[in-house]
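Observations on the model geometry
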Amino acid sequence: MDPSGNPVSPLEQALHAARALVLADLAAGDVAAADVVSLVEDSVRERRWWVEQWPDGAPFVAGLVAQDVQDALLDRYGRWPLCPVCGTGDPHALDVEPELGPDPHWVCHKAGVKVAAVGALGAATGGTPSS
């Protein structure tokens, strides 16, 4: 239910969940500054239109928001999230897989491993665990 007592639509539930998962990953890396949170809000706003056009895409929203924020951070600040698996070589970012699908994960293509589900980076990196 929303604050006015109305039921929350599945679309809004998916958008709220995507926001929470990506914010948890940002917080795990101490990257959740106000301007970065604004990037999340921008992505959620844009993805709201996308999922309104294609309601069957609701399970894909978390991965898309994670990718949107990752792209926006790359343009402004640099790579995020950095791979916690590879201890040697050049630092590199994790990727979201599947690019368009349910149950998105952060993966390291260099090591060929799934690192964490989107929203659970804290447990993989030693940061704040997600609830």
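**A word on the overall build of the protein**
The secondary structure content of the protein amounts to four helices and three strands. A globule of 131 residues ought to have a C-alpha radius of gyration of about 14 Å, and the protein, at 15 Å, matches this closely. Burial statistics for the protein: of 131 residues in total, 39% are counted as buried. Put simply, 48% of the contacts in the protein that link residues at least 6 apart link residues at least 24 apart. Per element, the accessible surface of the protein, about 7,200 Å² overall, is 54% carbon and sulfur.

**Describing unusual backbone geometry**
Between Trp80 and Pro81 the backbone carries a cis peptide bond, its omega angle lying at -15°. Tracing the backbone shows Pro81 in the loop between helix H3 (61-76) and strand S1 (95-97). Residue Pro98 follows Glu97 across a cis peptide bond; omega there is -5°. As for its position among the elements, Pro98 is in the loop between S1 and strand S2 (105-108). Positive phi is not limited to glycine here, since Asp103 has a value of about 55°. Within the secondary structure layout, Asp103 lies in the loop between S1 and S2.

**Notes on the packing of aromatic side chains**
Summed over the entire model, instances satisfying the criterion amount to three aromatic pairs. Each ring, one from Trp50 and one from Trp54, has its centre 5.3 Å from the other, and the planes form 85°; the classification is edge-to-face. Under the relative-accessibility criterion, Trp54 is labelled partly exposed at 37%. Judged by centre distance (5.4 Å) and plane angle (50°), the ring pair of Trp54 and Phe60 falls under tilted. Residue Phe60 is classed as buried on the basis of its relative accessible area of 15%.

Parameters and conventions
- Residues numbered from 1 in each chain as written.
- Predicted model: local features only at pLDDT ≥ 70, side-chain atom pairs only at ≥ 80, totals over all residues.
- Heavy atoms only, no water.
- Helix = DSSP H or I, 4+ residues; strand = E, 2+ residues; numbered from the N terminus.
- Rg over C-alpha atoms; globule rule 2.2 N^0.38 Å.
- Buried < 20%, exposed > 50% of the residue type's maximum accessible area, 1.4 Å probe, protein only.
- Contact = heavy atoms within 4.5 Å.
- Areas by Shrake-Rupley, 256 points an atom, 1.4 Å probe, with all protein chains shown as cover.
- Phe/Tyr/Trp six-rings, centres within 6.5 Å; stacked < 30°, edge-to-face > 60°.

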